[in-house]
Every structure is written in C-alpha cells, then in structure tokens.
Amino acid sequence: MSVELPFQISIPDFKLDLLRQKLALTEFPDELENTGWNYGAPLSDIKRLVARWKDGYDWKLEEAKLNQDLPQFTKDIEVNGFETLNIHYVHQESSLANAIPLLFVHGWPGSFIEVRKILPLLVQSSPQFPAFHVVALSLPGFGFSEGAHKPGFAAEQYAEVAHKLMLSLGYHEYVTQGGDWGYVITRIIAHRYGGKYSKAWHTNFPLATPLNISVNPILFLQHLFTPYTAAEKAGIERSKRFEKEGQGYFHEQSTKPQTLGYSLADSPVGLLAWIYEKLATWTDSYPWTDDEVLTWVTIFYFSRAGPAASIRIYYEFVHSANGSQPSSFKPMIPLGVSHFPEELRITPRKFVHSVGNLVFQVEHSTGGHFAAYECPDELVDDLRKMFGKRGPAFGVVPGKNGYERRIRANL
Amino acid sequence: MSDSFKIAVSSTALSALKSRIESATFPDELDDAGWAYGVPLADMKRLVARWRDGFDWRQEEQKLNNELPQFTRDIEVDGFGSLNVHYVYKKSDTGAGIPLLFVHGWPGSFLESRKIIPLLTKGSGDSQCPVFDVVAISLPGFGFSEAPKKKGFSLSQYVEVSHKLMIALGYTEYVTQGGDFGSRVTAEIARRYGGTHSKAWHTNVLFSLPPENDDPSIYTASEKEGLARWQEFQRSGSGYFQLHSTKPQTLGYSLADSPVGLLAWIYEKLVSWSDNYPWTDDEVLTWVSIYWFSRAGPAASIRFYYEVAHSGQALGTKSSPPTIPMGCSLFPKELIRIPKSWYPGVGDVVFEAEHDKGGHFAAHEQPELLVGDLRKMFGKGGPVYGVVTGRDGYN
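Residues numbered from 1 in each chain as written. Chains lettered and ligands numbered in written order. Predicted model: local features only at pLDDT ≥ 70, side-chain atom pairs only at ≥ 80, totals over all residues. Heavy atoms only, no water.

Per an unreviewed UniProt entry, chain B goes by the name Alpha/Beta hydrolase protein and belongs to Lentinula lateritia.

If you look chain A up in an unreviewed UniProt entry, it shows as Alpha/Beta hydrolase protein from Lentinula lateritia.

Dropping the structure here:
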C-alpha cells in the first residue's frame with residue numbers, strides 16, 4: 001500500500017511573477033464588430049480578465065482558501081503496462097463512520113475544484129439523508145497529479161487509477177459520481193469493477209446512443225410512439241447547435257493536442273480564452289465572478305503536468321480501441337441520472353436506458369454542464385434521494401448505508 | 001492610385017518578437033510521440049532557437065523586397081468600405097503577357113508566388129512558351145493587406161476585391177491560378193465574371209460533389225486512394241478547419257499572443273501537407289513571420305473559414321459550375337483528389353496534368369511543374385491559347 005502524503009497547493013512566488021510578466025506583455029488580437037459570442041470569447045471579457053489576473057487577483061489568497069476547504073493528498077498509483085503515477089486527490093471522511101464511500105470524477109476543462117461546493121454537503125450526517133465519504137481525484141495530467149508519459153494512456157487506465165485509489169484508501173466497495181470525461185471513466189469503472197467493487201453510479205452527462213430494436217424492443221417502440229417533451233425538443237436543438245458550432249475544440253484536441261499545446265503552454269491569455277469560452281457557454285447563465293474564472297484557469301496554468309497535458313485525454317480516448325463512447329457493454333449496477341437543461345448533449349429520455357441499469361432519473365429546470373459547481377444543492381439532493389432510505393440504491397454498499405447505526409435492544 | 005510598397009517591419013516589432021521568443025514556455029511531450037499528436041517538441045525547440053538567434057528577418061525582408069515588386073491600393077468593397085490591398089505585381093519581360101491573378105490560401109500568402117513569378121514573367125528564353133503579367137494579391141486579412149472590420153466578409157467579397165484589383169490594373173480580361181482557398185475564390189471568379197472578364201482558370205485542387213448517378217465501381221485505384229486520403233484528412237487532420245469555422249476569436253488570442261503557438265499552428269501544415277518538401281528552418285520562419293508581422297495580425301487570417309461556413313457557401317454546397325475553360329494540375333500529396341467522373345461538377349476541364357511528386361503548396365514545392373502546366377495550357381497549341389484578347393503571351 002503506497003503512502004498517503006498530505007498535500008497543500010503552494011505555487012512559488014517566482015512562478016507567479018513570471019505569470020504576471022507574461023500577462024503584462026499580452027498581445028491582443030482585434031475583433032470584428034458586433035460579433036458577441038459567435039466567433040468565440042469576446043475581446044472585452046478577455047481584456048478585463050487579463051487586467052484582473054495581472055493586478056488585483058490574489059492567487060495566494062485563493063490557494064489558501066482551496067487548501068482550507070479541500071483536504072488534499074498525494075499517493076503513488078501503479079498502472080498496469082504503464083508507469084507509477086503520483087496522484088493528487090481530495091479526501092474527506094464524514095464524521096459518520098459508515099458513510100457511503102463516493103468517488104467523484106471530473107472532466108475537461110474541469111478539475112478537483114468541481115468538488116468544492118458539494119463536498120461539505122455530502123459529508124454531512126443527518127437522520128434525514130445519507131452521508132458520504134468523498135474522494136475527488138485529479139485525473140492524470142490535471143491539477144496536481146502527474147501526467148502519463150507514454151502514449152496510449154486511455155479510458156481503461158484512467159478508470160484503473162481511480163479504482164486503485166479507492167482500494168488504497170480502504171474503500172473496497174464504493175459508488176461514483178461523474179460528468180464529462182468523468183461519465184466515460186465511471187462507466188468503465190461500473191463495467192470493469194462493477195458488482196464486486198463499484199456498487200452504483202450516478203452521472204449528469206449520460207451520453208446515450210439511439211435505441212436498438214433488437215436490444216430494447218419495448219423502449220424502442222415506446223420512443224417511436226411517444227412524442228418528445230418540450231424539454232427533450234429544446235435539448236435536441238441544443239445538441240444539434242453544439243455539434244455544429246461547438247465541437248472545434250474536440251476535433252483539434254482529439255487529433256493534434258501537441259500542436260495546440262504549444263499555444264496553451266506559452267500564452268496565459270490563450271489558455272484563459274480557451275477555457276473561459278467553455279465556462280461561459282457550457283453553463284446555464286452561471287454568474288461567474290472574474291476571480292472564480294481565474295482560479296479555475298490558474299489551476300490549469302500551474303498544473304503539475306502543464307497546460308498542454310490535460311487535452312491529451314481527448315486524443316487517447318478517441319484513438320483507443322473502444323473509442324470514447326463504448327456502446328458494446330452495459331454495466332449492470334444501478335445507475336442514477338440527473339438531467340440539467342443546459343447540458344451540451346441532450347438525448348431523448350428513453351435512450352438513457354442504453355447507458356446502464358437505470359434506477360433513478362431526475363429532471364431539473366436549471367443548470368448546465370458543470371452541475372456540481374453550478375447546482376451543488378440539486379446534485380447533492382439527487383444523490384441523497386438515490387442513496388437514501390427510500391431510494392433505489394439504499395444500502396448498496398454493505399455496512400455503509402450513510403446513516404447512524406441503530407443499536408437494537410436485545411429483548 | 002497605387003502606392004509602391006516595401007515590407008519594413010519596425011525595429012520595435014522585431015525586438016518585441018525577440019523578447020517574446022526568449023521567454024517562451026514549452027510543454028512536455030509524450031515518449032516517442034513522433035508526429036502523431038502534432039508537431040514534435042524537438043522541431044519546435046530547434047525552430048524557436050533559430051528564430052531567437054540566427055534567423056535574420058531584415059535579410060529575408062530585403063530579399064523579398066528585391067524579388068517581388070509590391071504595391072498597395074484602396075479597393076472599395078460593397079458594404080465594407082475601402083480596404084487597402086497589398087499585392088505583388090510583375091509584368092512580363094517581353095510585353096503582351098497574359099494577365100494572371102494568383103490567389104493564395106491558408107496558411108499561405110503572397111510568398112507562394114515567389115518562385116513562379118520569375119518563371120512566368122521571363123519565359124524560357126526561347127520564346128517558345130508564353131509569358132504572363134502576374135498579380136499575386138494578399139487576400140484581406142493576410143500579408144500586408146487590411147482586414148475587414150465587419151463580419152460577413154465572405155467568398156463573394158474576396159471575389160469582388162480580387163476582380164476589382166485586376167480591373168484597376170487595367171486588365172479587363174485575365175486568367176487565374178489558385179490553390180487552397182484561392183481555388184475557391186478563383187472558381188467563384190470564374191462563375192461570376194467568367195466570359196466577360198475571367199477567361200480561363202487553373203487550379204491545383206479540385207473539389208465538387210459527386211454527380212447524381214455516381215458509380216463508385218468505376219473509380220480507378222488512385223481515385224479510390226485519393227478519396228480515402230480525403231476521408232482520413234477529415235478524420236485526423238481537419239481539427240484546425242472545425243475550429244477556424246466555429247471559434248476563430250477564441251483561437252485568435254493564442255495566435256496573436258504566442259509566436260511559438262503560431263509557429264506550431266502553421267508549421268504543422270507546412271510539413272504534413274507538402275510532399276517531403278525539404279523546408280529549411282529559415283524558409284519556415286520567413287513564412288510564419290509574415291503571419292506574425294501581418295498588417296491585420298495573425299488572428300484575422302482565420303476568420304474567412306467562419307464567414308464562408310456561415311454564409312451558405314460552405315464547401316460542398318451545391319452550385320452550378322463555371323462554364324469558362326479550366327485546367328488542373330494534380331499533385332499526389334494534395335489533400336483531396338476527386339474521381340474524374342466528378343469533374344463536370346467542377347467546371348469545363350480542358351487541360352489536366354498529373355504529377356508524381358508535389359503536395360498542397362504546389363507553387364512553392366514544384367514551381368517548374370506548375371509553371372510548365374500553365375505554359376502548356378495557355379501556350380501555342382494549348383487548349384486555351386489566345387484566350388485573353390490581344391495578350392497571347394508572345395511578342
């Protein structure tokens with residue numbers, strides 16, 4: 001068992017000075033008139049953010065807050081056929097001993113920061129709802145985890161790292177929550193380690209494939225004859241728009257991440273625009289403060305593997321044997337899904353059954369892609385309902401149902 | 001009306017570039033990645049080191065100014081006001097040169113006319129082949145041309161500005177040569193001004209939709225291979241295209257701020273789109289420096305992708321082909337090769353030449369071959385000899 005070392009984020013001053021120097025020399029492009037967000041992040045937003053990043057934004061303060069809010073550690077995890085990677089993660093136990101162990105897996109352009117708001121809620125103990133022990137890893141190449149050095153480190157490997165981390169923390173049985181790449185990774189966890197280790201999984205990003213009449217005949221017919229709800233229609237339109245206008249980053253990152261990486265590594269404003277565009281357009285009018293955006297982006301800028309590393313996940317997943325959406329398997333452990341209207345890809349509700357063994361499904365009227373960050377209360381509420389006493393996944397981890405153990409009196 | 005122009009990058013701009021290169025931050029790279037993930041780190045480090053110490057922009061600038069007579073003039077574009085357009089203009093040595101408009105694409109520039117201009121204007125010295133008056137425009141947003149400030153400057157506008165330039169130079173009749181986006185522009189010129197002004201067009205990249213009763217079983221082996229290469233290009237090499245066509249501003253922040261980022265972005269195409277062309281580092285750096293020092297800045301050049309995609313003129317949109325005669329030169333490493341059965345959708349192909357070497361940047365990689373084709377097409381005995389009234393390319 002490898003050793004767990006406590007970790008505090010501590011970016012040295014000289015690095016902060018270098019960043020400020022680069023920011024001071026920023027060369028801005030011009031912008032066409034009256035383009036709004038259509039061509040990408042607007043110039044006035046980026047100029048304002050750069051000015052703040054250079055003067056006023058206090059990374060040391062934000063760093064201290066992160067360290068305070070999120071108990072962090074590092075640990076070596078060996079990956080079959082690859083290497084041993086030093087993994088950074090957040091780990092907070094509930095005060096309740098038999099809380100449900102929950103693994104939270106982020107995506108791109110997310111990070112461990114996405115667990116920030118749901119963490120204090122999840123670990124809370126109450127007779128009204130279950131408590132969780134929470135582990136939120138930084139995926140290799142993100143945050144303060146080491147990045148893979150060899151090509152081919154794909155979905156299976158990310159799943160292996162996450163799973164082995166849970167085992168190494170003594171959580172032999174656990175549940176998962178994930179969105180974006182976290183959905184893909186937790187689906188593989190559910191498939192490979194489901195039943196014995198992973199007991200249930202929840203996602204806010206169910207990438208569903210169309211139903212197949214020979215696989216799901218009843219659902220197929222139901223879908224055929226049930227008109228779409230207004231929400232489904234709006235969602236399908238949104239998905240089409242995203243596919244047409246919003247996938248350039250995906251194409252580039254899944255084919256030439258190194259070429260793009262030179263820009264992201266060398267230009268703070270380039271990295272800022274690259275990520276900020278997603279933070280703004282993938283959320284449901286979330287009122288980002290400039291400092292919130294800058295903290296998010298600064299984590300990428302000072303990430304252990306550098307800003308060019310995180311985007312390789314797209315290349316690896318798309319080029320690996322199963323592609324990024326393996327539809328050949330369907331995990332059997334219970335699945336819960338939370339639908340947020342401004343998610344990037346909305347699929348008809350009936351399709352979600354192709355993703356896994358759906359036992360829990362909730363519709364929300366607000367919220368977007370970064371559900372844990374935008375709608376922490378709603379997401380936590382969903383998890384509490386799914387795993388709570390009247391929920392479909394209650395007691396799914398033996399001996400750890402998230403409630404106070406009641407001692408029966410012997411009669 | 002026209003002003004003589006010499007490239008003269010300020011010393012402030014030169015030293016600013018140098019200090020940015022000096023403070024460049026590199027990413028790492030996966031082990032043994034080769035070219036699979038994009039430009040290799042070793043190439044980038046070597047090029048950046050040369051850019052920092054050794055590459056002499058002033059010398060390159062002087063060479064360009066000596067070789068290429070350049071000018072600027074204001075051209076009015078409907079709805080966009082007046083744009084100051086930069087162009088290279090060299091008349092033939094012997095007079096009666098066939099007026100030829102050469103239109104570059106991305107990541108090209110007027111620089112791509114450098115090697116073909118002396119061949120086209122001088123001829124072969126034995127007056128067996130025709131000579132040309134060459135105009136190589138810097139498309140708005142490229143080189144030292146102004147860029148439009150308003151959105152919507154799309155294919156029609158590039159066509160308008162190019163045509164008006166030829167008219168302004170006194171060429172009511174002319175012919176064109178274009179590759180990459182230049183091929184689209186010259187095809188559209190042929191469609192719009194064909195017959196009256198544009199008399200014939202030549203391209204090194206053909207694209208059209210398959211005809212109604214297309215029969216894939218009759219494709220030759222090399223046609224199948226060409227289509228497969230196009231599919232592969234769309235699968236693994238078109239990320240830049242998707243980005244340029246949807247979020248050019250977001251990418252633009254990187255290209256404007258990081259010379260290293262810009263270098264990688266362009267160099268990747270110079271290598272992967274050419275046919276083992278032996279780029280020297282200085283050649284690459286000259287090419288990229290033109291983008292860095294461009295009048296409108298590096299972020300402007302990629303906007304046309306967005307404009308074309310959003311103006312109903314995206315590649316593959318159905319449209320009737322031009323009727324004036326056209327010629328094509330096929331180079332093996334061009335990004336796409338369509339089957340002959342699709343040619344009617346492109347235009348009236350009266351000249352076709354196939355080569356066994358050369359790629360996307362034909363004028364730069366294989367200038368003799370390309371010029372050879374133009375001489376055959378337009379020369380005595382060729383299919384469009386004398387197509388421009390009073391200017392047949394001979395004395």
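The discussion continues.
Draft legend 1. Quick peek at the overall build of chain A. When you go through chain A residue by residue, the secondary structure sums to 15 helices and nine strands. Taken over the C-alpha trace, chain A has a radius of gyration of 21 Å; the compact-globule value for 411 residues is 22 Å, and the two agree within 12%. Here the C-alpha coordinates of chain A stretch approximately 75 × 55 × 40 Å along the principal axes. A total of 411 residues make up chain A; the buried ones form 62% of that total. Taking the intrachain contacts of chain A between residues at least 6 apart in sequence as the baseline, contacts between residues at least 24 apart amount to 78%. Counting only carbon and sulfur atoms, one obtains 53% of the accessible surface of chain A, whose full area is about 16,000 Å². Put simply, chain A has 39 plus and 44 minus side-chain charges, and the middle of one group is 7 Å from the middle of the other. (Helix = DSSP H or I, 4+ residues; strand = E, 2+ residues; numbered from the N terminus. Rg over C-alpha atoms; globule rule 2.2 N^0.38 Å. Buried < 20%, exposed > 50% of the residue type's maximum accessible area, 1.4 Å probe, protein only. Contact = heavy atoms within 4.5 Å. Areas by Shrake-Rupley, 256 points an atom, 1.4 Å probe, with all protein chains shown as cover. Lys, Arg positive; Asp, Glu negative; His and termini not counted. Charge placed at Lys NZ, Arg CZ, Asp CG, Glu CD.)

Draft legend 2. Just the sheet that holds strand β2 (residues 72-78) of chain A, in detail. All names here are of chain A. Ordered in space as β1-β2-β3-β5-β4-β6-β7-β8-β9, the nine strands form an open sheet in which the pairing is mixed. Among the strands making up the open sheet, the edge pair consists of β1 (5-7) and β9 (357-363). Direction aside, neighbouring strands of the sheet carry axes that sit 30 degrees apart on average. Across the sheet, helix α5 (residues 155-168) touches β2, β3 (84-92), β4 (100-105), β5 (132-137) and β6 (174-178), and the angle it forms with β2 is around 115 degrees. (Pairing = 2+ DSSP bridges. Axes fitted to C-alpha atoms, helices over the stretch in contact; angles between N-to-C directions.)

Draft legend 3. Local environment of the packing of helix α2 (residues 41-52) of chain B against helix α10 (residues 259-272) of chain B. Residue and element names in this part refer to chain B. Relative to each other, α2 and α10 sit at 125 degrees, their axes nearing to 11 Å. When the axes of α2 and α10 are compared, the pair comes out oblique. Crossing handedness for the pair α2 and α10: right-handed. Only Pro259, Val260, Leu263, Ala264 and Tyr267 of α10 make contact with α2, whose side of the interface consists of Asp43, Met44, Arg46, Leu47, Val48 and Trp51. Here the residues of the contact of α2 with α10 are counted per class, giving nine nonpolar, no polar and two charged. (Parallel < 35°, antiparallel > 145°, perpendicular 65-115°, else oblique. Left-handed = near helix turned anticlockwise from the far one by under 90°. Nonpolar A, V, L, I, M, F, W, Y, C, P; charged D, E, K, R; others polar.)

Draft legend 4. Molecular detail of a nonpolar patch on the surface. Residues and elements named next belong to chain A. A cluster of nonpolar side chains, Leu221, Leu224 and Phe225, forms an exposed patch at the surface whose accessible area comes to about 340 Å². Summarising the element assignment, Leu221 is placed in helix α7 (residues 217-225). Taking the relative accessible area as the measure of exposure, Leu221 reaches 41% and is therefore partly exposed. (Patch = residues over 30% accessible without salt bridge, like charges linked within 9 Å, V, L, I, M, F, W, Y side chains within 5 Å. Salt bridge = Lys/Arg side-chain N within 4 Å of Asp/Glu carboxyl O.)

Draft legend 5. Geometry of the UniProt feature "domain: Epoxide hydrolase N-terminal" (unreviewed entry) in chain A. With numbering matched to this structure, UniProt assigns "domain: Epoxide hydrolase N-terminal" (unreviewed entry) to residues 6-115 of chain A. Helix makes up 32% of residues 6-115 of chain A and strand makes up 22%, while its end C-alpha atoms are separated by 18 Å. (UniProt positions renumbered as here; feature names shortened; annotations may be inferred.)

Draft legend 6. Quick peek at the UniProt feature "domain: Epoxide hydrolase N-terminal" (unreviewed entry) in chain B. When the UniProt feature table is mapped onto this chain numbering, "domain: Epoxide hydrolase N-terminal" (unreviewed entry) sits at residues 4-112 of chain B. Taken as a whole, residues 4-112 of chain B contains 32% helix and 24% strand, while its terminal C-alpha atoms sit 20 Å from one another.

Draft legend 7. Summary view of the interface of chain B and chain A. Tallying the contact residues gives 51 residues for chain B and 55 residues for chain A. Applying the counting rule to chain B against chain A returns two salt bridges. Between Asp28 of chain B and Arg312 of chain A there is a salt bridge, with its nearest N and O atoms 3.0 Å apart. Between chain B and chain A we count 32 residue pairs in polar contact (both at pLDDT 80 or more) in total. It is helix α9 (residues 248-257) of chain B that contributes the most residues to the side of chain B that touches chain A, nine residues altogether. Class assignment for the residues of the side of chain B that touches chain A results in 23 nonpolar, 15 polar and 13 charged. (Polar contact = N/O pair within 3.5 Å; in protein donor to acceptor, adjacent residues only side chain to side chain.)

Draft legend 8. Geometry of the packing of aromatic side chains. Residues and elements named next belong to chain A. Summed over all chains, the structure comprises 66 aromatic pairs over all chains. An angle of 80 degrees between the planes, with centres 6.2 Å apart, marks the rings of Trp53 and Tyr301 as edge-to-face. Of this pair, Trp53 sits in helix α2 (residues 43-54) while Tyr301 sits in helix α12 (residues 290-301), and the two are 248 residues apart along the sequence. Neither Trp53 nor Tyr301 differs from the other in exposure class; each is buried. (Phe/Tyr/Trp six-rings, centres within 6.5 Å; stacked < 30°, edge-to-face > 60°.)

Draft legend 9. Seen up close, the nonpolar core. Judged by nonpolar contacts, the single largest core of 239 residues is most densely connected at Leu137 and Leu272 of chain A together with Trp106 and Leu263 of chain B. With near-sequence residues (within four places) excluded, Leu272 of chain A lies in contact with Ile46, Leu49, Val50, Trp53, Val293, Leu294 and Val297 of chain A. (Core = buried A, V, L, I, M, F, W, Y, C linked by side-chain atoms within 4.5 Å.)

Draft legend 10. How the structure looks around the sheet that holds strand β8 (residues 325-330) of chain B. All names here are of chain B. Read across the sheet, nine strands follow the order β1-β2-β3-β5-β4-β6-β7-β8-β9 without closing on themselves; strand pairing throughout is mixed. The sheet is open, and its two borders are formed by β1 (2-5) and β9 (348-354), each paired with just one other strand. If you compare each strand with its neighbour and ignore which way they point, the axes differ by 25 degrees on average. The pairing of strand β6 (residues 174-178) with strand β7 (residues 198-203) spans five bridges and is classified as parallel. By the bridge assignment, Tyr174 is partnered in β7 with Ser198. Here helix α5 (residues 155-168) sits on the sheet in contact with β2 (70-77), β3 (81-90), β4 (98-103), β5 (132-137) and β6, set at roughly 120 degrees to β2.

Draft legend 11. The arrangement of the environment of Arg312 of chain A in detail. Looking at the element boundaries, Arg312 of chain A is found in helix α13 (residues 312-319). Taking the C-alpha atoms as reference points, Arg312 of chain A and Gly261 of chain A, separated by 51 residues in sequence, lie 9.1 Å from one another. Not counting residues within four places of it along the chain, the set of residues in contact with Arg312 of chain A comprises Pro257 and Gln258 of chain A together with Asp28, Glu29 and Leu30 of chain B.

Draft legend 12. Quick peek at the pairing of β7 of chain B. All names here are of chain B. Most of β7 is tucked away, with six of its six residues classed as buried. Between the parallel pair β6 and β7, the chain is carried across by helix α6 (residues 181-193), and the sense of this crossover is right-handed. Pairing of β7 with β8, which is carried by three bridges, proceeds in the parallel orientation. Pairing of Trp201 across the sheet is with Met326, part of β8. (Right-handed = clockwise from strand over helix to strand, strands pointing away.)

Draft legend 13. Spotlight on the pairing of β8 of chain B. Residues and elements named next belong to chain B. The buried fraction of β8 is high, at six of six residues. Side chains Pro325, Gly327 and Ser329 project from β8 onto one buried face, and the interleaved Met326, Cys328 and Leu330 project onto a second face that is buried too. Bridging between β8 and β9 involves six bridges; their strand directions are parallel. Bridge pairing in β9 links Met326 to Val349.

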